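# Descriptive structure summary
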Amino acid sequence: GVLGSGDFARSLAVRLVRSGFRVVVGSRNPKRKASLFPAAAEVTFQAEAAKKADVIFVAVFREHYSTLCDLADVLVGKILVDVSNNTEINHHKESNAEYLASLFPACTVVKAFNVISAWTLQSGARDGNKQVLICSNNQEAKRTIAEIAQVMGFIPVDMGCMSSACEIENIPLRLLPAWKIPIFLALGLFLCFFTYNLIRQVIHPYIREQKNKLYKIPIEVVNTTLPCVSYVMLSLVYLPGVLAACSQLYYGTKYRRFPDWLDQWLQHRKQIGLLSFFCAALHAVYSLCLPMRRSHRYLLIETAVKQAMEKKMTIWVEEEVWRMEIYISVGIIALGLLSLLAITSLPSIANSLNWREFSFIQ
Ligand code: NAP
């Protein structure tokens, strides 16, 4: 059974029908909503649907749970699946699922499916997040919902008892929590190096020789800043490991907890490394684009004209040529190696390597 006829209810009904379940939908206005559901699903009034089904998905917002209280008698002994999400982290004191359980004490409430979007339900489990996090105080009910999720093509993940509902409801609202510190770190470093390069490449020539080099800001200054950030970030990936080893040697044990700052730092190494790779990749693109700039063409023509006026036949400087060839080839190899590090740190690749292979590559 599905209570509600909104986006989520429709997608859920479609997937349940495709997975071979008999579905009855409860709506306040079944006549108007029936055409939105697959023909195999029965669309009827809420009370009728609640009577017919043993497992009922409550695809209604928390704010409207109290309007379902009239159904309390027909819902006695049934499993209610709370699929709801909030608009803010820890918005209410108690989780939506606990609130639903308090409204319907004669029902068994299971929290599930809230991390799956209506779109994922529609397009099938192959296209999107596959895990369905489930929690409930009733093991039997949890098993029933896990089986349904499995038949629908999802991977049920047991998150324990109802007290985990709040944590599960916060998951769709999280905004890359592990990336916050590394991103601020990268931005801070970028700002420092950018200011330094701006002074060196734009402000200093202006003060000393009155030369206007403002045109360098969008590409050249950014391009000299990116590798600096990338190198420092890369060293910050390996530095905490060295500090941790030093601390273990100093205390003569590996069973002593690291200080919190070092622990946090160690946990953010992957994100710091990926941002280092991102800066290096951007640097490569910027560098490839350098000759495309109009300023570059003007300077090139200017040099050619000067050379013609001075009647110079060649400006080939062997040492400069070699320096640039080696510089670029080492840069390409460095980017290749950094790509390898970045790729092997992705969970799907890292999980296919054993610990020895992973640490060998790192
Ligand atoms: P929706 O499109 O606004 O649908 C909500 C449905 O609630 C309405 O169609 C309505 O159906 C029903 N309803 C029952 N009593 C109501 C009342 N008193 N006032 C207003 N509506 C009432 O919302 P939705 O996107 O399907 O979301 C439904 C639930 O699923 C929410 O708790 C949401 O957090 C959760 N969810 C949604 C998604 C998603 O991708 N959309 C993903 C995860 C979880 P009738 O008019 O037929 O009664």
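Everything numeric in this text was worked out from a predicted model, so none of it was measured.

## A look at the overall build of the chain
- Helices and strands together make up the secondary structure of the chain, namely 15 helices and eight strands.
- The C-alpha atoms of the chain give a radius of gyration of 30 Å, which is well past the 21 Å a tight globule of 362 residues would have.
- Dimensions of the chain along its principal axes, counting C-alpha atoms only, are 100 × 60 × 40 Å.
- The buried share of the chain, taken over its 362 residues, is 36%.
- Nonlocal contacts in the chain, meaning residues at least 24 apart in sequence, comprise 67% of its contacts between residues at least 6 apart.
- Between the mean site of the 38 positive side-chain charges and the mean site of the 28 negative ones, the chain shows a separation of 5 Å.

## Section: the domain arrangement of the chain
- Assigned domains of the chain: these are domain 1 (2–173) and domain 2 (179–294).
- Computed from C-alpha coordinates alone, the two centres of domain 1 and domain 2 are separated by 46 Å.

## So, the site of the ligand
- Inspection of the region around the ligand gives 21 residues, with S5, F8, S27, R28 and N85 positioned closest.
- Here F8 contributes a backbone N or O atom positioned 2.8 Å from an oxygen atom of the ligand.
- In the model, an oxygen atom of the ligand is placed 2.4 Å from a nitrogen or oxygen of the S27 side chain.
- Alone, the ligand offers 890 Å² of accessible surface; in the complex the protein occludes 80% of this.
- In terms of residue class, the shell around the ligand is built from seven nonpolar, eleven polar and three charged.

## Some details on the packing of helix 9 (residues 217–251) against helix 11 (residues 269–289)
- It is the contact of helix 9 with helix 11, at a shortest axis distance of 8 Å, that shows an interaxial angle of 155°. Relative to helix 11, the element helix 9 is oriented roughly antiparallel. Note on packing geometry: the crossing formed by helix 9 with helix 11 is left-handed.
- Residue composition of the contact of helix 9 with helix 11, grouped by class: 17 nonpolar, seven polar and one charged.

## A look at the nonpolar core
- Ranked by internal contacts, the top residues of the largest apolar core, which has 55 residues, are F57, L80, F113 and I145.
- Residue contacts for F57: discarding those within four places in its chain leaves G1, V2, L3, L12, L16, V81, V83, F113 and I148.
- Counting residues in hydrophobic clusters, the runner-up holds 20 residues, among them A186, F194, V222 and L262.

## Focus: the sheet that holds strand 1 (residues 2–3)
- Taken together, eight strands build an open sheet; the order of strands is 3-2-1-4-5-6-7-8 and the sheet is mixed. Whereas interior strands pair on both sides, the edge strands pair on one side only; in this sheet they are strand 3 (42–45) and strand 8 (155–158).
- Here strand 1 runs beside strand 4 (residues 55–58); their pairing, made up of two bridges, is parallel. Each bridged residue has a counterpart across the sheet, and for L3 the counterpart in strand 4 is V58.
- Across the sheet, helix 4 (residues 96–103) is in contact with strand 4, strand 5 (79–82) and strand 6 (108–111); its angle to strand 6 comes to roughly 170°.
- Across the sheet, helix 6 (residues 139–151) is in contact with strand 4, strand 5, strand 6, strand 7 (131–136) and strand 8; its angle to strand 7 comes to roughly 165°.

## Focus: the UniProt feature "transmembrane region" (unreviewed entry) in the chain
- The positions that UniProt labels "transmembrane region" (unreviewed entry) are, in the present scheme, residues 179–199, 220–251, 271–290 and 326–350.
- Helix makes up 95% of residues 271–290 and strand 0%, whereas the separation of the span's terminal C-alpha atoms amounts to 29 Å.

## Looking at the UniProt feature "domain: Pyrroline-5-carboxylate reductase catalytic N-terminal" (unreviewed entry) in the chain
- Here the UniProt-annotated "domain: Pyrroline-5-carboxylate reductase catalytic N-terminal" (unreviewed entry) positions come out as residues 1–86.
- Structurally, residues 1–86 comprises 27% helix and 21% strand, and the distance from its first C-alpha atom to its last is 23 Å.

## A few points about helix 12 (residues 294–309)
- The terminal C-alpha atoms of helix 12 lie 22 Å apart, and with 16 residues this matches the ideal 22 Å at 1.5 Å per residue to within 8%.
- Following helix 12 by one or two positions, K311 has its phi on the positive side, about 60°.

## What about the packing of helix 10 (residues 260–267) against helix 11?
- The interhelical angle for the contact between helix 10 and helix 11, taken along N-to-C directions, is 50°, at an axis separation of 5 Å. Viewed along their axes, helix 10 and helix 11 adopt a mutual orientation that is oblique. Packed against helix 10, whose contacting residues are W265, L266 and Q267, the element helix 11 presents R269, Q271 and I272 at the interface.
- Split by residue class, the contact of helix 10 with helix 11 holds three nonpolar, two polar and one charged.

Conventions and cut-offs
- Residues numbered from 1 in each chain as written.
- Predicted model: local features only at pLDDT ≥ 70, side-chain atom pairs only at ≥ 80, totals over all residues.
- Heavy atoms only, no water.
- Helix = DSSP H or I, 4+ residues; strand = E, 2+ residues; numbered from the N terminus.
- Rg over C-alpha atoms; globule rule 2.2 N^0.38 Å.
- Buried < 20%, exposed > 50% of the residue type's maximum accessible area, 1.4 Å probe, protein only.
- Contact = heavy atoms within 4.5 Å.
- Lys, Arg positive; Asp, Glu negative; His and termini not counted.
- Charge placed at Lys NZ, Arg CZ, Asp CG, Glu CD.
- Domains from an automatic or database assignment.
- Near = heavy atom within 4 Å.
- Polar contact = N/O pair within 3.5 Å; in protein donor to acceptor, adjacent residues only side chain to side chain.
- Areas by Shrake-Rupley, 256 points an atom, 1.4 Å probe, with all protein chains shown as cover.
- Nonpolar A, V, L, I, M, F, W, Y, C, P; charged D, E, K, R; others polar.
- Axes fitted to C-alpha atoms, helices over the stretch in contact; angles between N-to-C directions.
- Parallel < 35°, antiparallel > 145°, perpendicular 65-115°, else oblique.
- Left-handed = near helix turned anticlockwise from the far one by under 90°.
- Core = buried A, V, L, I, M, F, W, Y, C linked by side-chain atoms within 4.5 Å.
- Pairing = 2+ DSSP bridges.
- UniProt positions renumbered as here; feature names shortened; annotations may be inferred.
- Expected span 1.5 Å × (residues − 1).

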